[in-house]
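Read off the chains here:
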Number of protein chains: 2
Amino acid sequence: MKPVKVGICGLGTVGSGTFNVLQRNGEEIARRLGRELVIEQVGARRDNPACNLSDTSITRDIFEVAKNPAVDIVVELIGGYDTAKELVLTAIQHGKHVVTANKALIAEHGNEIFAAAAEKGVIVAYEAAVAGGIPVIKAIREGLAANRINTIAGIINGTGNFILTAMAKEKREFADVLAEAQALGYAEADPTFDVEGIDAAHKLTILASIAFGVPLQFKSAYTEGISQITPEDLAHAKELGYQIKHLGIARRKPGGIELRVHPTLIPDTKLIAKVDGVMNAVMVDADAVGPTMYYGPGAGAEPTASAVIADIVDVARSIDSVSSVVAPLAFHSEAIDDTKILDIEEVESAYYLRMQAADHPGVMANITRILSDLNINIEAINQKEVPEGEQFADIFMLTREVREKDMKAAIEAIQALADVSGSVVTIRMDHLGH
Amino acid sequence: MKPVKVGICGLGTVGSGTFNVLQRNGEEIARRLGRELVIEQVGARRDNPACNLSDTSITRDIFEVAKNPAVDIVVELIGGYDTAKELVLTAIQHGKHVVTANKALIAEHGNEIFAAAAEKGVIVAYEAAVAGGIPVIKAIREGLAANRINTIAGIINGTGNFILTAMAKEKREFADVLAEAQALGYAEADPTFDVEGIDAAHKLTILASIAFGVPLQFKSAYTEGISQITPEDLAHAKELGYQIKHLGIARRKPGGIELRVHPTLIPDTKLIAKVDGVMNAVMVDADAVGPTMYYGPGAGAEPTASAVIADIVDVARSIDSVSSVVAPLAFHSEAIDDTKILDIEEVESAYYLRMQAADHPGVMANITRILSDLNINIEAINQKEVPEGEQFADIFMLTREVREKDMKAAIEAIQALADVSGSVVTIRMDHLGH
């Protein structure tokens, strides 16, 4: 069979990784695919010294690649929103199949992109958009196709997990570890996307869509970052048998679908609680198979390239019979339903609370009365002694499951108490059942 | 599109699970596949009260299903060798696609079966044959298609892992936990297949073939069971920072491929060391992606059914364009090479040794001289005090990497020493690098 011709747009970290792995492992890949993959053209603003481009046609205009009649598959690795979207839509209009690693693009514009691709009869593949090198899109879309999926819980941002792991193991402050992560290149100069959970919410939006058969709806995702977590919270959670992880949770509930990214206490007996450092892991709980988990590097040049190329191979295999391809969002477009995404106020969760209160008689009675008036049950209370010369004591609590709305009301009332100092820190807890 | 018609042969644990999940999740599956799956016929020696067969055509002759002109996909779930092989070959001869969960069949007769399928232009799929519900065949064949795979290390027998976990956590003897596993239904009355590693070797044979592009060659797999492991070994390994797991290891080495199942000390910092109880996990180390791991239930009615049905969905998707299907052993048949499987004597490994020696001066000198004469370096020695009233002391050692052949010679020489009592227990150690 004749070779399949690939055009790579973007030659940054992932682009250069993809170029190099395709060159290095071309023969091994052809042994699997049964035909050759050829890099027909590269579009990039500048050459990358990590790549030997001497035998490669290179253009400074990425749109030239998208329109190149010789190219079968356009690989979008420029990142960002507007230009990337225009590039992908241009490639589709020119009848090209597309492979992308762009989670923001898919989470925010995927519905439109997949509709355009369906109209032109081309494939848009995006394994690398979620959890880097872990083939988790494939696992969920194809490997678990027999199941009704109940819960997805993922550590899907390596930066955040690196920071929380170092804070927990080395008892260091958030800002201190963040600075180290920036020095190591794990975190950007502006770390908002990672530590505030936006990147994780993009990925979770995609996972929820392919798990439950709903449209991509990033705007409905609830997002909360890790910057308020302290080493004391991590230590206290550990004493109680929990790890705090920055988790993306998507869960099917009778009233709708939960879609939320936030720091979460999870039982330290769960395997996912043991996933440390920059590694990613996605746990899936489904009705037939039960719990499965997929673990590996969530970022980096070659891990991400591994997923990009797996997509290229899949597309190349189906290039002559696109009808046999998996539905882009796992479920066929006419089968995607409008199960609503629950507002975070409707979500039920157990809670970890940390507050500072004066050591007066009656303070604890006031706090617990507020909770009981809202039907919030307390699972554990731990009040530390008031340090010598100080006026306030740390109080830690675990609650049973409560509606977010009620917890918010309770927190407001507790914060209004004269004997409570500052704000109450709340971290959700999850036992990772259905 | 018209429905795809499935014929199920066998209605035991996996057969009934497959029947029930297809019935229960039929609608969810059709949303993904874009067409309906229909159970056209079931072949089984007897009905299974776990299944509502009232609307199903059932025959006592499984070969009737394999020849039924209305059936598109024959699902072989009878297990065993001879009849299963005849059934699968009959189905192929009648132009049916085949899905099987039979690891023994694929590991021992897969080369012949895939050749017959290729000749008839039909698909034989076997995701359920390895690690039950974990979609690890798909992950390796497709998800990691960009990679040169270096190492596979798997906990791929739930019975063995259940026994070792209980021995380690509850300090119980092998025979005691085995009896419990039998009572719980995790182990067969004759547990040989599981505890001697034959079942794991079947699965490892399949994994090695799809990872490295070599033919299935079960006969070259080295197999060693867990019955000689004691709670003391597990405790001592733990003190040194290791867990003992019954591991299947397939590794690419310059001289050939290692293919071996045996108890193995692995660093307890590795995520796979934390996989407990009946759960399975497969770690894959590959050149582009690095380490990834796939975790989940390795057996049971519905977990296995999950994998069987994922295969049915894949086959159904490709039924009109079989040319787009993944090569059965990941690599195209003409690309499968004859890299040799290393004889266990050629394999290099670090070792844990346990022996009993008299507390005479010079004993330790004799033992260490034997080792040093064979260029075996010792990493750690721990000699316990001789218990009151006894003549022999327990000695534990960790060695550096050594060729199996040399270690065997050393053990023979040590056992011949007058001051060493009984035989030396040897357990291989692996740091799970390349």
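Residues numbered from 1 in each chain as written. Chains lettered and ligands numbered in written order. Predicted model: local features only at pLDDT ≥ 70, side-chain atom pairs only at ≥ 80, totals over all residues. Heavy atoms only, no water.

**Observations concerning the nonpolar core**
Within the largest apolar cluster, 124 residues are counted, with the highest numbers of intra-cluster contacts made by Ile92(A) and Ile92(B). Not counting residues within four places of it along the chain, the set of residues in contact with Ile92(A) comprises Val98(A), Ile113(A), Ala116(A), Ala117(A), Lys120(A), Val122(A) and Val124(A). (Core = buried A, V, L, I, M, F, W, Y, C linked by side-chain atoms within 4.5 Å. Buried < 20%, exposed > 50% of the residue type's maximum accessible area, 1.4 Å probe, protein only. Contact = heavy atoms within 4.5 Å.)

**Describing the pairing of strand 9 (residues 242–253) of chain B**
All names here are of chain B. Counting buried positions over the twelve residues of strand 9 gives ten, a clear majority of the element. When strand 7 (residues 149–155) meets strand 9, the two strands line up antiparallel, connected through four bridges. Following the sheet pairing, Ala153 is matched in strand 9 by Ile249. Relative to strand 10 (residues 256–267), strand 9 runs antiparallel, the two sharing twelve bridges. Bridging across to strand 10, Arg251 finds its partner in Glu258. Two successive antiparallel strands, strand 9 and strand 10, enclose a turn made up of two residues. (Helix = DSSP H or I, 4+ residues; strand = E, 2+ residues; numbered from the N terminus. Pairing = 2+ DSSP bridges.)

**Digging into the environment of Ala145(A)**
Position of Ala145(A) relative to the elements: it lies in the loop between helix 6 (136–143) and strand 7 (149–155). Classification of Ala145(A) by relative accessible area gives buried; the value is 0%. Here the alpha-carbon distance between Ala145(A) and Phe331(A), two residues 186 residues apart in the chain, equals 9.5 Å. With sequence-adjacent residues up to four places away left out, Ala145(A) is seen in contact with Ile140(A), Ile29(B), Arg32(B) and Val313(B).

**Quick notes on the relation of the copies chain B and chain A**
Overlaying chain B with chain A gives an RMSD of 0.0 Å, the required rotation being 180° about an axis along which the chain moves by 0.0 Å. Both copies of the chain, as the preceding transformation shows, are related through a two-fold rotation axis. Nearest to the rotation axis, the C-alpha of Tyr294(B) is located 2.5 Å from it, this being the minimum over chain B. (Least-squares fit on C-alpha atoms with pLDDT ≥ 70 in both.)

**Some points on the domain arrangement of chain A**
Domain parsing of chain A yields domain 1 (4–133 + 301–324), domain 2 (136–297) and domain 3 (347–429). Once you take the C-alpha centre of each, domain 1 of chain A and domain 3 of chain A turn out to be 51 Å apart. (Domains from an automatic or database assignment.)

**Examining helix 5 (residues 103–120) of chain B**
Residues and elements named next belong to chain B. If you check helix 5, its first and last C-alpha atoms are just 22 Å apart, much less than what 18 residues at 1.5 Å a residue would give, namely 26 Å. A maximum bend of about 85° is found in helix 5 at His109. Restricting attention to buried positions, one finds in helix 5 the residues Ala104, Leu105, Ile106, Ala107, His109, Gly110, Ile113, Phe114, Ala116 and Ala117. Looking at the packing, one finds that the buried side of helix 5 touches strand 4 (73–76), helix 4 (82–93), strand 5 (97–100), strand 6 (124–125) and helix 10 (198–212). The backbone nitrogen of Ala104 has a side-chain oxygen 3.4 Å away, supplied by the residue at the start of helix 5, namely Asn102. Once helix 5 ends, the next one or two residues include Gly121, with phi positive near 70°. (Expected span 1.5 Å × (residues − 1). Bend = angle between axes of the 7 residues up to and from the residue. Polar contact = N/O pair within 3.5 Å; in protein donor to acceptor, adjacent residues only side chain to side chain.)

**Comments concerning the packing of aromatic side chains**
Residues and elements named next belong to chain A. Following the criterion strictly, the structure yields six aromatic pairs over all chains and no others. On the numbers, 4.9 Å between centres and 70° between planes, the contact of Phe162 with Tyr186 is edge-to-face. With a gap of 24 residues between them, Phe162 in helix 7 (residues 158–170) and Tyr186 in the loop between helix 8 (174–183) and helix 9 (192–195) connect regions that are remote in the sequence. Taking relative accessible area as the criterion, Phe162 reaches 13% and is therefore assigned buried. Looking at Tyr186, the relative accessible area reads 38%, which means it is partly exposed. (Phe/Tyr/Trp six-rings, centres within 6.5 Å; stacked < 30°, edge-to-face > 60°.)

**Examining the sheet that holds strand 6 of chain B**
Residues and elements named next belong to chain B. The strand order across the open sheet formed by six strands is 3-2-1-4-5-6, and the pairing between neighbours is parallel. Looking at which strands have only one partner, the edges of the open sheet turn out to be strand 3 (58–59) and strand 6. Pairing geometry for strand 2 (residues 37–43) and strand 3, over two bridges, is parallel. Counted as the bridge partner of Gly43 is Thr59 from strand 3. Of the strands in this sheet, strand 1 (4–9), strand 4, strand 5 and strand 6 touch helix 4, which is tilted by about 175° from strand 4. (Axes fitted to C-alpha atoms, helices over the stretch in contact; angles between N-to-C directions.)

**Focus on the sheet that holds strand 5 (residues 97–100) of chain A**
All names here are of chain A. Strand order across the open sheet formed by six strands is 3-2-1-4-5-6, with parallel pairing between neighbours. For this open sheet the edge positions go to strand 3 (58–59) and strand 6 (124–125), each flanked by a neighbour on one side alone. Relative to strand 5, strand 4 (residues 73–76) is paired through four bridges, and the arrangement is parallel. The partner of Glu76 across the bridge, within strand 5, is Thr100.

**Considering the interface of chain B and chain A**
With 60 residues of chain B at the contact, the number on the chain A side is 60 residues. When chain B packs against chain A, the two sides together hide about 4900 Å² of surface, and 54% of this comes from carbon and sulfur. Summed over the three residues of chain B that lose the most area to chain A, namely Arg31(B), Arg32(B) and Arg317(B), the buried surface amounts to 17% of that side. For the pair chain B and chain A, the interface holds eight salt bridges. Our enumeration of links across chain B and chain A arrives at 28 residue pairs in polar contact (both at pLDDT 80 or more). At the level of elements, helix 1 (13–24), helix 2 (26–33), helix 6 (136–143), helix 10, strand 12 (290–297) and helix 12 (301–318) of chain B are the ones that each hand at least two residues to the side of chain B that touches chain A. Broken down by element, the residue count for the side of chain B that touches chain A peaks at nine residues, all from helix 12 of chain B. Residues of the side of chain B that touches chain A, tallied by class, amount to 32 nonpolar, 13 polar and 15 charged. Of the pairings in the sheet, the one linking strand 12 (residues 290–297) of chain A to strand 12 of chain B comprises three bridges and is antiparallel in character. Among the inter-strand pairings, Tyr295(A) is bridged to a residue of strand 12 of chain B, identified as Met293(B). (Buried area = accessible area lost by both parts, 1.4 Å probe. Salt bridge = Lys/Arg side-chain N within 4 Å of Asp/Glu carboxyl O. Nonpolar A, V, L, I, M, F, W, Y, C, P; charged D, E, K, R; others polar.)

**Considerations on a nonpolar patch on the surface**
All names here are of chain A. Taken together, the side chains of Leu184, Tyr186 and Val278 define a hydrophobic patch exposed on the protein surface, amounting to about 250 Å² of accessible area. When you line up the elements, Leu184 lands in the loop between helix 8 and helix 9. Residue Leu184 is classed as partly exposed on the basis of its relative accessible area of 46%. (Patch = residues over 30% accessible without salt bridge, like charges linked within 9 Å, V, L, I, M, F, W, Y side chains within 5 Å. Areas by Shrake-Rupley, 256 points an atom, 1.4 Å probe, with all protein chains shown as cover.)

**With respect to the UniProt feature "binding site: NADPH" (unreviewed entry) in chain A**
Residues and elements named next belong to chain A. Mapped onto this numbering, the UniProt entry gives "binding site: NADPH" (unreviewed entry) at Lys103. Of note, Lys103 is situated in helix 5 (residues 103–120). A relative accessible area of 22% means that Lys103 is categorised as partly exposed. Those residues in contact with Lys103 that sit more than four places away from it in its chain are Ala129, Asp199, His202, Lys203 and Ile206. (UniProt positions renumbered as here; feature names shortened; annotations may be inferred.)

**Thoughts on the pattern of salt bridges**
Between side chains of opposite charge, a pair can form when the charged atoms approach closely. Per the counting criterion, the structure on display carries 60 salt bridges over all chains. Between Asp314(A) and Arg317(A) there is a salt bridge whose closest N-O contact spans 2.9 Å. You can see Asp314(A) and its partner Arg317(A) sitting in helix 12 (residues 301–318), three residues apart, about one turn around the helix. With a shortest N-O distance of 2.9 Å, Arg172(B) and Asp176(B) are connected by a salt bridge.

**Some details on the confidence of the model for chain A**
Chain-level statistics for chain A give a pLDDT mean of 94 and a share of 100% at 70 or above. For this predicted complex, the interface confidence score (ipTM) comes to 0.93, while the overall pTM stands at 0.94. (pLDDT = per-residue confidence, 0-100.)

**Quick notes on the UniProt feature "binding site: NADP(+)" (unreviewed entry) in chain A**
All names here are of chain A. Following the UniProt record, one finds the feature "binding site: NADP(+)" (unreviewed entry) at Cys9, Gly10, Leu11, Gly12, Thr13, Val14, Gly15 and Ser16. When residues no more than four places from it in sequence are discounted, the contact partners of Gly10 are Gly15, Gly43, Ile62, Leu77 and Ile78. Mapping Ser16 onto the fold places it in helix 1 (residues 13–24). The contact partners of Ser16, leaving out residues within four places of it in the chain, are Leu11, Asn48 and Cys51. At a separation of 2.8 Å, a polar atom in the side chain of Ser16 contacts the main-chain carbonyl oxygen of Gly12.

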